[in-house]
Amino acid sequence: MDLNSREILHPKTEITIHTPPQPAFVATISEVEENIFWINLPRDGRQILVLMENQRIMVGLSLKKGLYEAETTVVAVGRENNRFYGLAIPEKFVMSKERQFVRVDYPITVVLKAGELTANSTMVNFSAGGAMVYLVKDLEKILESGREISIHLKIENKSFAVSARPAWKKVYDSIPFAGFEFIDIPKDLQEALDNLAVDYNGI
């Protein structure tokens, strides 16, 4: 399913920029004008992404139903950090990969355990395949321990305990987050989580 660019390009939305052979960079949309949308200077640690005017690039958005991509052109290079590259607004974004499971924003308290180590955090979103949580100090200790991790959560008065493996760590707006992939999840529990995600998305 294709999406109209103007319906999904909004300030504070994150996009991924693909310029092979360089690795993908994540940037944030700062402003959307009539034919241009501006992004901040993409960084990965100390490395920055250098783009030239008239350069053709691929940009991607991760939405609840899947990953969408579009080809665009660098039409302006600014001097402000939050308005560094101006990109032409493409006509549409095309789904490149459909999500296996529906993802839903659902901020609730969760408990992560690894042996005697425990961390209380807040979940940002979840699907039947995994969850995103705030990366608090106690959770850092759990990740450093290398032990098997379980996530304990309660959704609509139903309590779940799911084994999970760390998938990624990222920082958005100076706030650290961690992503986890559910492993060895019973099929009935997976279906229950997927149904809840579908219900909350109104699909």
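Residues numbered from 1 in each chain as written. Predicted model: local features only at pLDDT ≥ 70, side-chain atom pairs only at ≥ 80, totals over all residues. Heavy atoms only, no water.

Chemist: Looking at this structure, how should I read the overall build of the protein chain?
Modeler: Looking only at helices and strands, the protein chain features three helices and 16 strands. Viewed in the frame of its principal axes, the protein chain has a C-alpha envelope of about 55 × 40 × 25 Å. Of all 203 residues assigned to the protein chain, the portion counted as buried reaches 39%. Pairs at least 24 residues apart make up 54% of the contacts formed inside the protein chain by residues separated by at least 6 positions. Placing the 23 positive and 27 negative side-chain charges of the protein chain at their respective mean positions leaves the two points 4 Å apart. (Helix = DSSP H or I, 4+ residues; strand = E, 2+ residues; numbered from the N terminus. Buried < 20%, exposed > 50% of the residue type's maximum accessible area, 1.4 Å probe, protein only. Contact = heavy atoms within 4.5 Å. Lys, Arg positive; Asp, Glu negative; His and termini not counted. Charge placed at Lys NZ, Arg CZ, Asp CG, Glu CD.)

Chemist: Looking at this model, I keep getting lost on the pattern of salt bridges. Mind explaining?
Modeler: In a structure, side chains of opposite charge can pair up when their charged atoms sit close to one another. Here the structure, examined in full by the defined rule, presents six salt bridges. Between Arg-83 and Glu-31 there is a salt bridge, with the nearest N and O atoms lying 2.7 Å from each other. Taken as a pair, Arg-83 in strand S9 (residues 83–88) and Glu-31 in strand S3 (residues 25–32) lie far apart in primary sequence, 52 residues in all. On the accessibility criterion, Glu-31 (31% relative accessible area) is partly exposed. (Salt bridge = Lys/Arg side-chain N within 4 Å of Asp/Glu carboxyl O.)

Chemist: Help me understand unusual backbone geometry, please; the structure alone is not making it clear to me.
Modeler: What you tend to see is this: most non-glycine residues have negative phi, and most peptide bonds are trans. Unusually for a residue other than glycine, Lys-12 sits at a positive phi of about 75°. Assignment of secondary structure puts Lys-12 in the loop between helix H1 (5–8) and strand S2 (14–18). Lys-12 sits in the exposed class, given a relative accessible area of 74%. Despite not being glycine, Asn-54 has its phi angle at roughly 75°, a positive value. The residue Asn-54 is located in the loop between strand S6 (47–48) and strand S7 (56–63) in this model.

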